Amino acid sequence: MTQPPSAFLVSRRDDGFGDVYPLHDGARYTLGRAPTNRVVLRDDLCSREHAEVFSAEGGWHVRDLGSLNGTHLNGEPLRTDRPLRPMDEVRVGRTRLVFVDEMGQLPAVPKAAPRPADKADGLEIRKRLGQTRYQQQTAGPEPESETIRENARVAPPQAVAVLYRLALDMAAAADITDLCTLAVDAVFRATPAEVGAILALKDVRELELKVHRTRGGGPATYHKVSQFVSSEVLSGKQAVLAENVATDRMLKDRDSIAELKVASLICAPVFAGEQVLGLLHLYRTSGHTPLNADDLEFTLAVARQLGTVWQKLSRQTTLSAENRSLRDQLRLDSEIVGNSTPLQKIESQIARVAETKATVLVRGESGSGKELVARAIHKNSPRRDGPFICLNCAALTETLLESEMFGHEKGSFTGATERMIGKFEASDNGTIFLDEIGEMALSTQAKFLRVLEGHPFERVGGNVAIKVDVRVVAATNRPLEEAVRAGTFRRDLFYRLQVVQLDVPPLRDRIDDVPVLADHFLKKFVRETGRKIRGFTDTALAKLGAYRWPGNIRELRNVVERAVALGSGPTIDAADIWLSELDVGAPVVGAATAPFRPESLEDVEKRHILETLKFTDWNKSRAAEILGIERSTLDRKIKAYNLLK
């Protein structure tokens, strides 16, 4: 007859009790993951043979079998054999087992009646959870910092929770420095290390300190890892532990370590895949509670976790930088640059008008950026995927302009050797930009007006009606009202063009944009020429800001291009900037000339060379470039003419 059990082990769950393991007198019950155990536990934190429960001296006892994560009785680590009493809780790994002499000793599990909304279609919600025990609480008062505890070594289960929390924190790290700081703090939470640091590997053996911290906010003093230790870790790609440096025959004679008076240290490689990114270095100067093998295990786990996130964050940072660079390159010739109030007003008008189909007339001085405004309208419109065609009406004769706009058939005029489609036909479903619209001949204006009103057109010399869907953006720097009064511009065309009018301010009215534009053009020309120019000096920017820019943005672009081409220093100075002497306050109606004074060519050359040297502040290399002669030739002429600074 089978002997009845004298006691039971019952697994405890969050919602009550689970499996029951009967215990018979005289038997020995081992607990662990191995299938040979009497009590097999499916728990990855359990050892293969973790603990045992056995009967002795008329009662039941529990013993730890040297498990990796330890056995706990009622929450306390099990150091020696301990007797079991009813309702004692034995914890092995994540598994909790309650000891009872009989099943009636187990308390009844209260079962709350489910709310109506919690039970439907046979499904009952047993528990609701908004915060896991493994996550750091974010509400309420801040807990006392764990980095100030003298002895912070935790048991392996708690170490796993620290690693989990570290993974969550790393996901929100903004940069490598934040990432390294989180890793060192995690080490302080789980090990008794006094000083922690992370060093980045720059070259084959060159290490750069990224972060160093001292437990408890003590003096921020860090002594770099010794050459011997770092070489051992980098060459072997394995973490090292020195528990007692003073007795280690390989380390005790190292001067750098002797000076530190280090009692114990850990150094672990931080790597992702096969690439070593840096080192995680910990040490204690106190002989009390030295770093041990458990600390080495935890430190290596942190280093592995850090390496994976470090590599991904570095890749993300690189991709973001490349993305910004590519966007900057795309903006060079197609987007408006600046942030002044007048420019912001234009940009807001562009944003409102771009989504409509309205014809736009862009007015402004020459070089103020009218074409950029037209491009911005097109890029922000529903036609952005269609063509953007530009045509300068002032650059062509009346006959050629009509041919360019509407196209021509083969043989329609002398030189028409083949059929050509016009700009209007080419810009179908897109935008056509007509610059200098005020220069268009009256006969062409009439045909253009019909197309603008939606009528079909014919190519020059053709008879096939062509209808297109085109948005027209026109630009002019002339007062069209005066042209209308003078009869050189059609009144009906003027009103048809002026559905929406955008006035582009001259550069002198948005002088705050000059430094931004200058830097924009500098980067463009430095990239094109390969020159090593970092920027402008303060005096150069002051000179640019004091000028009135009669040629607007086009003139500024040319000034910067000239400075990059002729400049020889690492920065552009005021002497490198050549500005026009035209008076922009009033139109030039004449120029006073000095009275003629007969003189020889030699005197003219002498005076011209001297003035050029003064202009360049006696920079002979620049003066020779301006004069178009060799530096050696300039030196000979200076000596021959006896020119003095």
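Residues numbered from 1 in each chain as written. Predicted model: local features only at pLDDT ≥ 70, side-chain atom pairs only at ≥ 80, totals over all residues. Heavy atoms only, no water.

Caption draft 1: Expanded view of the overall build of the protein. On a plain count of helices and strands, the protein comes out with 18 helices and 27 strands. Going through the 645 residues of the protein one by one, you find that 40% of them count as buried. Sequence-distant contacts, at least 24 apart, represent 62% of the contacts inside the protein between residues at least 6 apart. When the accessible surface of the protein is split by element, carbon and sulfur atoms take 50% of a total near 36,300 Å². (Helix = DSSP H or I, 4+ residues; strand = E, 2+ residues; numbered from the N terminus. Buried < 20%, exposed > 50% of the residue type's maximum accessible area, 1.4 Å probe, protein only. Contact = heavy atoms within 4.5 Å. Areas by Shrake-Rupley, 256 points an atom, 1.4 Å probe, with all protein chains shown as cover.)

Caption draft 2: Structural context of the pattern of salt bridges. Inspection of every chain in the model, using the stated rule, returns 27 salt bridges. Ionic pairing is found between Arg 63 and Asp 81, a salt bridge with its closest N-O pair at 2.9 Å. Of this pair, Arg 63 sits in strand β6 (residues 59-64) while Asp 81 sits in the loop between β8 (76-77) and β9 (82-83); the two residues are 18 residues apart in sequence, bridging distant segments of the chain. According to the relative accessible area criterion, Arg 63 is partly exposed, its value standing at 29%. Under the relative-accessibility criterion, Asp 81 is labelled partly exposed at 37%. Between Asp 492 and Arg 490 there is a salt bridge, with its nearest N and O atoms 2.8 Å apart. The class for Asp 492 is partly exposed, based on a relative accessible area of 35%. Connected through salt bridges with shared partners, the residues Arg 28, Glu 52, Arg 63 and Asp 81 form a single ionic network. (Salt bridge = Lys/Arg side-chain N within 4 Å of Asp/Glu carboxyl O.)

Caption draft 3: Highlighting the pairing of strand β17 (residues 264-272). Within β17, 9 of the 9 residues are buried, which leaves the element mostly enclosed by the surrounding structure. Judged by which residues are buried, β17 turns out to be covered on both faces: Ser 264, Ile 266, Ala 268, Val 270 and Ala 272 on one side and Leu 265, Cys 267, Pro 269 and Phe 271 on the other are all buried. Taken together, the 3 bridges between strand β16 (residues 240-242) and β17 define a ladder with antiparallel strand orientation. Each residue of the ladder has a partner; that of Ala 242, found in β17, is Leu 265. Between β17 and strand β18 (residues 275-284), which follow one another and run antiparallel, lie 2 residues, and Gly 273 among them has a positive phi close to 70°. (Pairing = 2+ DSSP bridges.)

Caption draft 4: Seen up close, the nonpolar core. Among the nonpolar cores identified, the biggest contains 34 residues, and Ile 198, Leu 280, Val 302, Leu 306 and Trp 310 are the most heavily contacted of them. Going through the elements one at a time, α1 (156-171), α2 (176-190), β14 (195-201), β17, β18 and α5 (293-331) are the ones with two or more residues in this core. Examining the composition of this core, we find that 9 residues originate from one element, α2, more than from any other. If we skip the residues at most four places from it in the chain, Leu 306 touches Met 170, Leu 179, Ala 183, Ile 198 and Val 270. Judged by nonpolar contacts, the second largest core, of 27 residues, contains Ile 466, Ala 483, Phe 494 and Leu 497. (Core = buried A, V, L, I, M, F, W, Y, C linked by side-chain atoms within 4.5 Å.)

Caption draft 5: Representation of the sheet that holds strand β5 (residues 51-56). Judged by pairing direction, the sheet is mixed, and its 5 strands sit side by side in the order β4-β3-β5-β6-β9 without closing on themselves. Bordering the open sheet on either side are β4 (39-40) and β9, each of which pairs with just one other strand. Strand direction decides the pairing type here: β5 and β6, joined by 6 bridges, are antiparallel. If you follow Ala 56 over to β6, its bridge partner there is Gly 59.

Caption draft 6: Main features of the sheet that holds strand β24 (residues 470-476). Read from one edge of the open sheet, 5 strands run β20-β23-β24-β19-β25, paired in parallel fashion. Edge positions in the open sheet fall to β20 (388-392) and β25 (500-503), since each of these has one partner strand only. Taken over all neighbouring pairs, the strand axes of this sheet differ in orientation by 20° on average, direction set aside. As paired elements, strand β19 (residues 360-363) and β24 share 4 bridges and run parallel to each other. Note that in β24 the partner of Arg 363 across the bridge is Thr 476. (Axes fitted to C-alpha atoms, helices over the stretch in contact; angles between N-to-C directions.)

Caption draft 7: Expanded view of helix α10 (residues 442-452). Residues Thr 444, Gln 445, Phe 448, Leu 449, Val 451 and Leu 452 constitute the buried set of α10. Down the axis of α10, the buried set is contained in an arc of 160°. They therefore lie on one face. Considering only its buried residues, α10 is in contact with α8 (398-406), α9 (423-426), β23 (430-435), β24 and α12 (491-497). The first or second residue beyond α10 is Gly 454, which carries a positive phi of 95°. (Arc of directions from axis to C-beta.)

Caption draft 8: Examining helix α6 (residues 341-354) more closely. Here α6 contains 14 residues, and its C-alpha end-to-end distance of 20 Å stays within 8% of the 20 Å for a straight helix at 1.5 Å per residue. Those residues of α6 lying buried are Leu 343, Ile 346, Ile 350, Val 353 and Ala 354. Seen along its axis, α6 keeps its buried residues to an arc of 95°; they face one direction. Set apart from the buried face of α6 by more than 90 degrees, the exposed residues are Thr 341, Lys 345 and Arg 352. In the core, the buried residues of α6 are packed alongside β19, α7 (370-379), β24 and β25. (Expected span 1.5 Å × (residues − 1).)

Caption draft 9: Spotlight on the environment of Phe 413. With respect to the element layout, Phe 413 can be found in the loop between β21 (407-408) and β22 (420-421). Along the chain, Phe 413 and Gly 461 lie 48 residues apart, while their C-alpha atoms are 7.9 Å from each other. Apart from the residues lying within four places of it in its own chain, the contact partners of Phe 413 are Ser 403, His 408 and Val 460.

Caption draft 10: Structural view of the pairing of strand β11 (residues 95-100). Of all 6 residues in β11, 5 are buried; the element is thus mostly enclosed. Both strand β1 (residues 7-13) and β11 contribute to a ladder of 4 bridges, which runs antiparallel. Looking at β11, one finds that Phe 8 is bridged to Val 100. With antiparallel pairing between neighbouring strands as the criterion, strand β10 (residues 88-92) and β11 make up a hairpin whose turn holds 2 residues, including Gly 93 at a positive phi of roughly 65°.

Caption draft 11: How the structure looks around the packing of aromatic side chains. Taken as a whole and assessed by the stated rule, the structure comprises 9 aromatic pairs. Between the aromatic rings of Phe 406 and Phe 424, the centroid separation amounts to 5.8 Å while the plane-to-plane angle is 15°, which identifies the pairing as stacked. Here Phe 424 lies in helix α9 and Phe 406 lies in helix α8, a separation of 18 residues in the sequence. With relative accessibility at 0%, the residue Phe 406 sits in the buried group. (Phe/Tyr/Trp six-rings, centres within 6.5 Å; stacked < 30°, edge-to-face > 60°.)

So yeah, pure geometry; function would need other evidence.
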